[in-house]
Amino acid sequence: MGQDRGQSEQALREDRILDAAGELLVRFGYKRITVEDIANRADVGKGTVYLHWKTKDELLAELLLREVAEVTGELVASMQADPAGVLLHRMTAASFLAIMQRPLARALYTRDLDTLGKLATTDAAGLATRRQRADGYFDDYLDLLRTHGLLRTDIDRQSLTYSLRAVGAGFFISEQVLPPQLREMSLQRKAASLAEVIRLALEPAGEPDPDHLRAAAPHAIELFDRMRLECDPGARTPAPLRRE
């Protein structure tokens, strides 16, 4: 019981430090914050921060991993509530909304170098490595949709992936260069536009086959949950994927 309480207190302290780091990172940017600033914001000693992380970069990289895990967790929850959410256009729109409504996730996905500094390219705390492994599960998700007839098969897999990545990146990065009247569009309208582009470009015409959707949904949800676990700094190694 005492050990569990100690672990719980440690986890709460880590979360408090990460929350403080996130507030400062969004407000001031990577170059202008120090471990001492983070400790003061979290109301802990500087040495306490170093008990959990060796460097500022490791702390902030873990913060970004937590942010990605939380966004992915939102997607998993929405898919569990409505299995049609695993469709690519629905998932892409939900992801866009979740990211753009979170300042730190938005900085990460729009490559905001003023905020992130060298965190955009670092592999501290396994940031780049874990995100690459999560990308592998995303590729498995695309293959799953293709297998069940929920993505076009008349274009090759690499071209489909390139088109998806390019369109998605465009919607994120264009926020920095859009004229004011377009920047002021609601996020919901922007997400709906993104969904429509993806649906028309990459999914078969017509309504998806309900049987194919029911068959694909649990496996798609499992893949996204593995993406979440891959980016969750406190998660244990996930169990092997279930195969039919």
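The following paragraphs examine the structure supplied in this document. (Residues numbered from 1 in each chain as written. Predicted model: local features only at pLDDT ≥ 70, side-chain atom pairs only at ≥ 80, totals over all residues. Heavy atoms only, no water.)

1. Details of the nonpolar core
Counting 73 residues, the largest nonpolar core has Leu25, Leu59, Leu60, Leu88, Tyr141 and Phe224 as the members making the most contacts within it. Of the residues forming this core, the biggest block, 12 residues, is contributed by helix α4 (residues 56-81). Every residue in contact with Leu88, bar those within four places of it in the chain, is listed here: Tyr141, Leu142, Leu145, Leu151, Leu164, Ile198, Leu202 and Glu203. (Core = buried A, V, L, I, M, F, W, Y, C linked by side-chain atoms within 4.5 Å. Buried < 20%, exposed > 50% of the residue type's maximum accessible area, 1.4 Å probe, protein only. Helix = DSSP H or I, 4+ residues; strand = E, 2+ residues; numbered from the N terminus. Contact = heavy atoms within 4.5 Å.)

2. A few points about the pattern of salt bridges
The full count for this structure, using the stated rule, is 16 salt bridges. Notably, a salt bridge pairs Arg199 with Glu196, separated by 2.8 Å at the nearest N-O pair. Of this pair, Arg199 and Glu196 both sit in helix α11 (residues 187-202), three residues apart, roughly one helical turn. Judged by its relative accessible area of 35%, Glu196 is partly exposed. Beyond isolated ion pairs, a larger network of salt bridges with shared partners links Asp15, Asp19, Arg66, Glu67, Glu70, Glu74 and Arg102. (Salt bridge = Lys/Arg side-chain N within 4 Å of Asp/Glu carboxyl O.)

3. Topic: the side chain of His52
Along the polypeptide, His52 turns up in helix α3 (residues 46-52). Exposure remark for His52: the relative accessible area of 18% places this residue in the buried category. Here Arg13 takes part through its side chain, which lies 3.1 Å from a polar atom of the side chain of His52. In contact with His52, not counting residues within four places along its chain, are Gln10, Arg13, Glu14 and Ile17. (Polar contact = N/O pair within 3.5 Å; in protein donor to acceptor, adjacent residues only side chain to side chain.)

4. Some points on the packing of aromatic side chains
Summed over the entire model, instances satisfying the criterion amount to six aromatic pairs. For the pair Phe138 and Tyr141, a centre-to-centre distance of 5.4 Å together with 50 degrees between the ring planes defines the contact as tilted. Highlighted residues: Phe138 and Tyr141, both in helix α8 (residues 127-147), separated by three residues, approximately one helical turn. Residue classification places Phe138 among the buried positions, given a relative accessible area of 12%. The buried category is assigned to Tyr141, whose relative accessible area is 0%. (Phe/Tyr/Trp six-rings, centres within 6.5 Å; stacked < 30°, edge-to-face > 60°.)

5. Thoughts on the packing of α4 against α8
Where α4 meets α8, the closest approach of the two axes is 10 Å, and the angle between their N-to-C directions is 20 degrees. Taken as axis vectors, α4 and α8 run roughly parallel relative to one another. Both α4 and α8 take part in a crossing whose hand is right-handed. Of the residues in α8, those touching α4 at Ala61, Leu64, Leu65 and Val68 are Leu127, Arg130 and Arg131. The class makeup of the residues in the contact of α4 with α8 is five nonpolar, no polar and two charged. (Axes fitted to C-alpha atoms, helices over the stretch in contact; angles between N-to-C directions. Parallel < 35°, antiparallel > 145°, perpendicular 65-115°, else oblique. Left-handed = near helix turned anticlockwise from the far one by under 90°. Nonpolar A, V, L, I, M, F, W, Y, C, P; charged D, E, K, R; others polar.)

6. Topic: helix α9 (residues 157-173)
Given a rise of 1.5 Å per residue, 17 residues ought to cover 24 Å, and the 24 Å separating the end C-alpha atoms of α9 matches this to within 8%. Residues of α9 that are buried: Leu160, Thr161, Leu164, Gly168 and Phe172. Projected onto a plane normal to the axis of α9, the buried residues spread over an arc of 95 degrees and lie on a single side. The outward face of α9, more than 90 degrees from its buried face, is lined by the exposed residues Gln158 and Tyr162. Elements that come into contact with the buried residues of α9 comprise α5 (88-100), α6 (103-109), α8 and α11. The opening residue of α9 is Asp156, an N-cap whose side-chain oxygen sits 3.1 Å from the backbone nitrogen of Gln158. (Expected span 1.5 Å × (residues − 1). Arc of directions from axis to C-beta.)

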